[in-house]
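# Residue-level structure breakdown
Letter by letter, the chains look like this.
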Amino acid sequence: MLDCLSEITQGAPEEAPHFRKLLGAEDQQHNRQDHHQLGYAQTEHQHDTSLRNDASQDLSATKSGGGSWRLARSSAVVALAVGVSRVLGLVREQVFAGLFGAGRELDAFVTAFRIPNLFRDLFAEGALSAAFVTTFTKSRAREGEAAAWRLASMVTNALAVVVGLLVVLGMVFSPEIVDLIAPGFSAVPGKAELTADLTRLLFPFLLFIALAAVAMGVLNTCGHFGVPASASSFFNLASILVGLLGAWWLAPDYFDVIWQSGGRAILDGEPAARAMKGMALGTLAGGLLQLGIQLPSLWQVGYRQRLALSFRDPGVREVLRLMGPATIGAAAVQVNVLVSTNFASTLGDGAVSWLNVAFRFMQLPIGLFGVAVGTVALPRASRQIAAEDHEAFLATITSALRMVFALCIPAAVGLAVLSEDVVGVVYQHGRFGPRDTEMAARALVAYTIGLAGYANVKVLVPAFYALGDARTPALVALFSILVNAILAWLAIHQFGLGHTALAGVTSAVALVNFSILLVLIQSRVGRLKGLGDALVPILAGAAAVGGVALALRRLVPGEDFSSRMTVLILAIPLGAGAFMMVAERFGLREMEGLRRRLAARWRSR
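Residues numbered from 1 in each chain as written. Predicted model: local features only at pLDDT ≥ 70, side-chain atom pairs only at ≥ 80, totals over all residues. Heavy atoms only, no water.

### Side note on the overall build of the chain
- Check the secondary structure of the chain and you find 26 helices and zero strands.
- A total of 605 residues make up the chain; the buried ones form 57% of that total.
- Long-range contacts, defined as pairs at least 24 residues apart, comprise 85% of the intrachain contacts of the chain with a sequence gap of at least 6. (Helix = DSSP H or I, 4+ residues; strand = E, 2+ residues; numbered from the N terminus. Buried < 20%, exposed > 50% of the residue type's maximum accessible area, 1.4 Å probe, protein only. Contact = heavy atoms within 4.5 Å.)

Next comes the structure, spelled out in structure tokens:
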């Protein structure tokens, strides 16, 4: 079968009319321009033949089940690394909550870090990474290693100039930025000023994370997923360790009071502000380490930095061309969270922190499933599009979406049912009290409604990039941002609802964003067969997860730490087992394949 497919694809006409026919006459005109800029023109027959062979192997493997398993195995490597990072991120947030509680200082830091964190998502997990991987993959395949390394150096130098200028502007205009994103802070004495100081401290983080994103793109394209995915773990480690040292150095009196009172003392004002600035220095150190930890691997794969810089270079212009609209396309969720921060800033101390705590739990499954699968699928999909293998591209995207659905929907149900247990175990320490746990848990329940939408946007947006289309997700994102702003304004200013409504609006808009992208990509490349068939077994398995969680909550009552920890320890393996059994019984083929492979490995031991 593989030989047959290889013969068919190698013997296909250069223009691949069956694939271009799908795009329509108007799209063909756009694509001719895009193909010229993206380097799709078939300049080297040897590279074309190699790409077609790779895509044929991908399609053959997918049909036999091996492609989905390889995608899952590579995604598991990234998921493991991202999972460690997300857990460390929770530890980092736990340190912040325990030291400062959900009050003025934590609200100020969360808001100050919102802009750099937005750029981190765009660069490390979104626009820059996707745009660079797409362009670098094609340059490497069409023009060879030397041209690809030259492109990487040019992009790095261009980013250093552009982002460096952005950092300087951000530091100068920090007070104006705070007034824009958190206008309600000015009503609390010292809150806007502290937020501006923290924003100024954190802005250089953008430069470190932009350069780290280029390193991540190079390593992913070269087949190295573990090191770049692990880099954010080092960010979190440095943020915790260096942050605590910096806080102790700047505010030893604050730590003395917190230590003597067992974390229950309230010491706001100047000591708390100085301690928070120390934590901000730790975050800055973490960004630098996230870049530095990838440099040895870059050297090993052959990357050498050059001083060349030209914004007219076709490759650089292509990355920037893709990244412009791609930034909007990838930013929708984070911009919507930023809008929520804007409205939550008018609800008094605590609301911004509660939303941040709740969304932090969403970051774990989004990173484990959506980001991991999307990271692995993008280079593969880009190769298949370069080879003009439409069927293999459809199979890759369908497998990725099915995988994310199968992981995110049961996770959302479990998080919703056990929301207070999850928040209480991680955060209810020191100055983060029971009321904070309840408020954050309410927001978490609202956020879980959109979890599958959040995560699958991380798969669909890069799929459009692989097609050379960054405009479509950008337009959809702009629409979702507008709808989110209108609904959030109505929820707060017209209906007088609280922070939970803001989380619910963000979730609803994420689902709308995903649904529109799904419809549009199918109109572009054809129906994703097998996606709808997976929903029934996935939903049945998710219901089983919810039943297990509810049963455990009744069997182990109580709101103390030990009771909640017991419930969580039991819920994860029992819920996973229940999902696998029920989903397989209802016909989810991934579960059957997983069970067979695990059984085969067990027998071979």
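### A look at the environment of Ala-571
- In this fold, Ala-571 is placed in helix α25 (residues 561-585).
- Taking the relative accessible area as the measure of exposure, Ala-571 reaches 12% and is therefore buried.
- Ignoring sequence-local partners within four residues, the contact set of Ala-571 consists of Leu-418, Leu-552 and Ala-576.

### Some thoughts on the pattern of salt bridges
- Taken as a whole and judged by the stated rule, the model has 14 salt bridges.
- Lys-277 is the salt-bridge partner of Asp-197, the closest N and O atoms lying 3.5 Å from each other. Taken together, the residues span a long stretch of sequence, with Asp-197 in helix α10 (residues 191-202) and Lys-277 in helix α14 (residues 270-292) at a distance of 80 residues.
- Given a relative accessible area of 30%, Asp-197 falls into the partly exposed group.
- Residue classification places Lys-277 among the partly exposed residues on the basis of a relative accessible area of 24%.
- The residue Arg-274 makes a salt bridge to Glu-270 at a minimum N-O spacing of 3.8 Å. Here Arg-274 and its partner Glu-270 are both found in helix α14, four residues apart, which amounts to about one turn of the helix.
- Several salt bridges share partner residues, and in doing so they unite Glu-420, Asp-421, Arg-553 and Arg-564 into one network. (Salt bridge = Lys/Arg side-chain N within 4 Å of Asp/Glu carboxyl O.)

### A word on the packing of helix α18 (residues 390-417) against helix α21 (residues 451-466)
- Between α18 and α21, the shortest axis-to-axis distance is 8 Å and the interhelical angle comes to 165°. By the angle between their directions, the pair α18 and α21 is classed as roughly antiparallel. Classified by chirality, the crossing of α21 by α18 is right-handed. Packed against α18, whose contacting residues are Phe-393, Ile-397, Ala-400, Leu-401, Val-404, Phe-405, Cys-408, Ile-409, Ala-411 and Ala-412, the element α21 presents Leu-451, Ala-452, Ala-455, Asn-456, Val-459, Leu-460, Ala-463 and Ala-466 at the interface. (Axes fitted to C-alpha atoms, helices over the stretch in contact; angles between N-to-C directions. Parallel < 35°, antiparallel > 145°, perpendicular 65-115°, else oblique. Left-handed = near helix turned anticlockwise from the far one by under 90°.)

### Section: the packing of aromatic side chains
- Scanning the model with the defined rule gives 13 aromatic pairs in all.
- By the ring-pair criterion, three or more aromatic residues cluster together here, those being Phe-96, Phe-100, Phe-109, Phe-113, Phe-205, Phe-235 and Tyr-254.
- The ring of Phe-185 carries Lys-191 above its face, with NZ or CZ at 4.3 Å from the centroid.
- Positioned above the aromatic ring of Trp-299 is the side chain of Arg-304, whose terminal nitrogen or guanidinium carbon lies 3.4 Å from the ring centre. (Phe/Tyr/Trp six-rings, centres within 6.5 Å; stacked < 30°, edge-to-face > 60°. Lys NZ or Arg CZ within 6 Å of the ring centre and 35° of its normal.)

### Things to note about the nonpolar core
- Within the largest apolar cluster, 157 residues are counted, with the highest numbers of intra-cluster contacts made by Phe-361, Phe-393, Leu-401, Val-423 and Tyr-427.
- Looking at this core, the element that brings in the most residues is helix α17 (residues 351-386), giving 15 residues.
- Not counting the four nearest positions on each side in its chain, Leu-401 is found in contact with Asn-456, Val-459, Leu-460, Phe-514, Leu-518, Leu-528 and Leu-531. (Core = buried A, V, L, I, M, F, W, Y, C linked by side-chain atoms within 4.5 Å.)

### Thoughts on a nonpolar patch on the surface
- Residues Val-161, Val-162, Leu-309, Phe-311 and Leu-320 make up a contiguous nonpolar surface patch of roughly 410 Å² in combined accessible area.
- Looking at the secondary structure, you find Val-161 in helix α8 (residues 145-172). (Patch = residues over 30% accessible without salt bridge, like charges linked within 9 Å, V, L, I, M, F, W, Y side chains within 5 Å. Areas by Shrake-Rupley, 256 points an atom, 1.4 Å probe, with all protein chains shown as cover.)

### Describing α10
- An ideal rise of 1.5 Å per residue puts 16 Å on 12 residues; α10 measures up with 16 Å between its terminal C-alpha atoms.
- Those residues of α10 lying buried are Lys-191, Ala-192, Leu-194, Thr-195, Ala-196, Leu-198, Thr-199 and Leu-202. (Expected span 1.5 Å × (residues − 1).)

### Comments concerning the side chain of Arg-524
- Within the fold, Arg-524 resides in helix α23 (residues 499-525).
- Here Asp-469 takes part through its side chain, which lies 2.9 Å from a polar atom of the side chain of Arg-524. (Polar contact = N/O pair within 3.5 Å; in protein donor to acceptor, adjacent residues only side chain to side chain.)

### A short note on the environment of Phe-464
- Secondary-structure assignment places Phe-464 in helix α21.
- Taking the relative accessible area as the measure of exposure, Phe-464 reaches 1% and is therefore buried.
- Expressed as a C-alpha distance, the spacing of Phe-464 and Ile-521, which sit 57 residues apart in the sequence, is 7.4 Å.
- Not counting the four nearest positions on each side in its chain, Phe-464 is found in contact with Asp-469, Thr-472, Pro-473, Leu-517, Leu-520 and Ile-521.

### What about the side chain of Ser-480?
- Counting through the fold element by element, Ser-480 comes out in helix α22 (residues 471-494).
- The contact partners of Ser-480, leaving out residues within four places of it in the chain, are Ala-332, Asn-336, Val-509 and Asn-513.

### Description of the packing of α21 against α23
- The N-to-C vectors of α21 and α23 enclose an angle of 35°; their axes lie 9 Å apart at closest approach. Viewed along their axes, α21 and α23 form a crossing whose handedness is left-handed. Two secondary-structure elements touch here, α21 through Gly-453, Tyr-454, Asn-456, Val-457, Leu-460, Val-461, Ala-463 and Phe-464 and α23 through Thr-506, Ser-507, Ala-510, Leu-511, Asn-513, Phe-514, Leu-517, Leu-518, Leu-520 and Ile-521.
- Here the residues of the contact of α21 with α23 are counted per class, giving 13 nonpolar, five polar and no charged. (Nonpolar A, V, L, I, M, F, W, Y, C, P; charged D, E, K, R; others polar.)

### Digging into the environment of Ile-492
- When you line up the elements, Ile-492 lands in helix α22.
- For Ile-492 and Leu-347, which are 145 residues apart along the polypeptide, the C-alpha to C-alpha distance reads 8.9 Å.
- If sequence neighbours within four positions are ignored, Ile-492 has contacts with Phe-343, Thr-346, Leu-347, Leu-497, Gly-498 and Leu-502.

### Overview of the confidence of the model for the chain
- Per-chain confidence: the chain averages 78 in pLDDT, with 78% of residues scoring 70 or above.
- Here helix α1 (residues 2-10) is the element of the chain with the lowest mean pLDDT, 31, and helix α20 (residues 434-448) is the one with the highest, 94.
- Here residues 1-67 scores under 50 on pLDDT; set against residues more than four positions off or in separate chains, the count is 103 contacts. (pLDDT = per-residue confidence, 0-100.)

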